[in-house]
Amino acid sequence: MSDKLIIFDTTLRDGEQSPGASMTRDEKLRIARQLERLRVDVIEAGFAASSNGDFEAVQAIANAIKDSTVCSLSRANDRDISRAAEALKGASSARIHTFIATSPLHMEKKLRMTPDQVFEQARQSVRFARNLVGDVEFSPEDGYRSDLDFLCRVLEATIDEGATTINVPDTVGYAVPELYGNFIKLLRERIPNSDKAIWSVHCHNDLGMAVANSLAGVKLGGARQVECTINGLGERAGNCSLEEIVMAVKTRKDYFGLEMNIDAQHILAASRMVSQTTGFVVQPNKAVVGANAFAHASGIHQDGVLKARDTYEIMRAEDVGWTANKIVLGKLSGRNAFKQRLVELGVQMDSEADINTAFARFKELADRKADIFDEDILALASDDSVTHENEHYGFVSLSQHSETGERPHASVVFTVDGKEVSATSDGNGPVDASLKAIESHVNSGAEMVLYSVNAISGSTESQGEVTVRLQNSGRVVNGVGADPDIIVASAKAYLSALNKLHSKAERVPAQGWINP
Ligand code: KIV
Ligand code: ZN
């Protein structure tokens, strides 16, 4: 059996299915480039047939990425598979990942199909996909809760049709490590042609065991691909976290004995990029990428680490990209230094005009804030006014008055399709007044389901990064805004969320409640 573990990242597909985490094409492209830098083997870029936006994102990623295989999800039907193949045409290395549910519950209640129909659909889909690309992955959705005999029948047939990877999803996060590991082992033992495919694990985190289950699938079951996401992003409690899997396999090489292509030094930057893009904040005590992951607060621990770091540290912070907050640029930095830093951070700007806009914004920021950190640059680069993405509404200026004992009042100037408008309102606090002022003009009717503020680089001198999550007619979007003034950051975040609601892109849910 191979001693190489394939890392399959699905941040841009399963991760993006998390309500509010949907990303634009350019945001996905930026993250895909960071995943390539991280040297993940396979990037699942999206679900091409779900919407024109997702098709374009998969296509853009397929055309841009050279060192990782680019994959599109597709339901088990010819139309979805053709759409995936078309989006992947420009890829150096392409994979189609097709799936259909195999558990009794999903077949009966969701698909309304008999097991025999599902069997045929799975077989024909893999055959159809194999005629379009050489690299085909098949997933029996809700595989872990499927009948063992039926699952063996389906998997044997799909391997016969040419599936090169067989993925066994624990779709609802029901598994426990020993049972899941043994389940993979049993499947591999019982299916006569199992050695013709690479076995893969795909675990959800509903009981907090996605990483443990995946590792058991590898160690006990002999799987050689793990499907995971940056920061464990994903529906409900999320997916298996890439950074935890990678560092577990690396740190305990004595136990797992496996090699990976991953360049772990890029983990932290990937984590920050995903968090900043989606507005999903990383909890401070999150393993590997949380702010406290390598902080030694207690005196005894600090003393130990100073004497010999391995008294309390099993990994080196530098190995996953942690350095002391680096002051990267300042007021006197020139355009070339700024452009170079954008390249180092993996930010691709489409034109010199966009770089000029970003540089002008950087200079404005440097006038107000002495030290500019990488996080500031990443926040600036994803600002709607720099990317011009979906920029129906744009922030111009804001003034507000708040004083103890008085009701706060705000006046906001912003653009609607390039035309300036101003609006005023009072509110419970200055943020409330500012957002109500915007809403009084826009009348979106959206409900705010989340508002959060985070200091980008840790102190009160840092920029505040605000996330606003809005819900309207069943759609959930996140807007993110950054500014040293958190009221301005809030207004920017609100406008950014409104921009996303305004771009009406609809998509079919991946684990679709639609018969193939
Ligand atoms: O969780 C799941 O079952 C999936 C499949 C589509 C692979 O994400
Ligand atoms: Zn999943």
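Cut-offs applied
- Residues numbered from 1 in each chain as written.
- Chains lettered and ligands numbered in written order.
- Predicted model: local features only at pLDDT ≥ 70, side-chain atom pairs only at ≥ 80, totals over all residues.
- Heavy atoms only, no water.
- Domains from an automatic or database assignment.
- Contact = heavy atoms within 4.5 Å.
- Buried area = accessible area lost by both parts, 1.4 Å probe.
- Salt bridge = Lys/Arg side-chain N within 4 Å of Asp/Glu carboxyl O.
- Polar contact = N/O pair within 3.5 Å; in protein donor to acceptor, adjacent residues only side chain to side chain.
- Helix = DSSP H or I, 4+ residues; strand = E, 2+ residues; numbered from the N terminus.
- Nonpolar A, V, L, I, M, F, W, Y, C, P; charged D, E, K, R; others polar.
- pLDDT = per-residue confidence, 0-100.
- Phe/Tyr/Trp six-rings, centres within 6.5 Å; stacked < 30°, edge-to-face > 60°.
- Buried < 20%, exposed > 50% of the residue type's maximum accessible area, 1.4 Å probe, protein only.
- Lys NZ or Arg CZ within 6 Å of the ring centre and 35° of its normal.
- Pairing = 2+ DSSP bridges.
- Axes fitted to C-alpha atoms, helices over the stretch in contact; angles between N-to-C directions.

1. A few points about the domain arrangement of the protein chain
Often the size quoted for an interface is simply the accessible area lost on bringing the parts together.
1) Next: Looking at the assigned domains, one finds that the protein chain contains domain 1 (6–278), domain 2 (295–322) and domain 3 (386–502).
2) Next: Between the C-alpha centres of domain 1 and domain 3 there is a distance of 37 Å.
3) Next: Contacts between the two partners involve twelve residues from domain 1 and, on the opposite side, eleven residues from domain 3.
4) Next: Between domain 1 and domain 3, roughly 790 Å² of surface is buried when both sides are summed, and carbon and sulfur atoms account for 41% of that area.
5) Next: Of all residues in domain 1, Gly-20, Thr-24 and Gln-276 bury the most surface against domain 3, accounting for 50% of the area lost on that side.
6) Next: Taken together, the links from domain 1 to domain 3 amount to one salt bridge.
7) Next: One salt bridge in this structure joins Lys-500 and Glu-27, with 3.8 Å as the shortest N-O distance.
8) Next: Along the contact surface separating domain 1 from domain 3 lie three residue pairs in polar contact (both at pLDDT 80 or more).
9) Next: Elements with a contribution of two residues or more to the side of domain 1 that touches domain 3: α1 (25–37) and α11 (267–278).
10) Next: By residue class, the composition of the side of domain 1 that touches domain 3 is two nonpolar, six polar and four charged.

2. Looking at the environment of Thr-102
1) Next: With respect to the element layout, Thr-102 can be found in the loop between β4 (94–101) and α4 (104–111).
2) Next: Once the C-alpha coordinates of Thr-102 and Val-421 are considered, the two residues, 319 residues apart in sequence, prove to be 54 Å apart.
3) Next: A polar side-chain atom of Thr-102 sits 2.7 Å from a polar atom in the side chain of Ser-146.

3. What to know about unusual backbone geometry
1) Next: A positive phi is found at Val-288, a non-glycine position, where the angle reads about 70°.
2) Next: Considering the arrangement of structural elements, one finds Val-288 in the loop between α11 and α12 (299–307).
3) Next: Here Asn-443, not a glycine, exhibits a phi torsion of approximately 50°, which is positive.
4) Next: The topology assignment puts Asn-443 in the loop between α17 (430–442) and β12 (447–455).

4. Here we look at the confidence of the model for the protein chain
1) Next: This prediction gives the protein chain a mean pLDDT of 91; 94% of its residues lie at or above 70.
2) Next: A low-confidence stretch, residues 512–516 stays under pLDDT 50, and its non-local contacts, those more than four residues away or across chains, total 14 contacts.

5. Quick look at the packing of aromatic side chains
1) Next: If you walk through the whole model with that rule in mind, you get six aromatic pairs.
2) Next: Residues Tyr-255 and Phe-256 carry aromatic rings whose centres are separated by 4.9 Å and whose planes lie at 80° to one another, so their mutual orientation is edge-to-face.
3) Next: For Tyr-255, a relative accessible area of 45% gives the class partly exposed.
4) Next: Among the aromatic residues, those joined into a cluster by ring pairs are Tyr-144, Tyr-180 and Phe-183.
5) Next: Between Arg-83 and the ring centre of Phe-55, over which it is positioned, the NZ or CZ distance is 3.9 Å.
6) Next: The ring of Phe-119 is capped by Arg-153, whose NZ or CZ atom sits 4.2 Å from the centre of that ring.

6. Observations concerning the sheet that holds β4
Consider a sheet: its strands pair through backbone hydrogen bonds, and that pairing is either parallel or antiparallel.
1) Next: With parallel pairing, eight strands are arranged side by side around a closed barrel as β1-β2-β3-β4-β5-β6-β7-β8. In this sheet, neighbouring strand axes are inclined to one another by 25° on average, regardless of whether the strands run parallel or antiparallel.
2) Next: Pairing of strand β2 (residues 42–46) with strand β3 (residues 69–75) involves four bridges; the strand directions are parallel. The residue of β3 that forms the bridge with Ile-43 is Val-70.
3) Next: The strands touched by helix α8 (residues 210–219) are β6 (165–170), β7 (198–203) and β8 (225–228); relative to β7, the strand with the most contacts, the crossing angle is about 165°.

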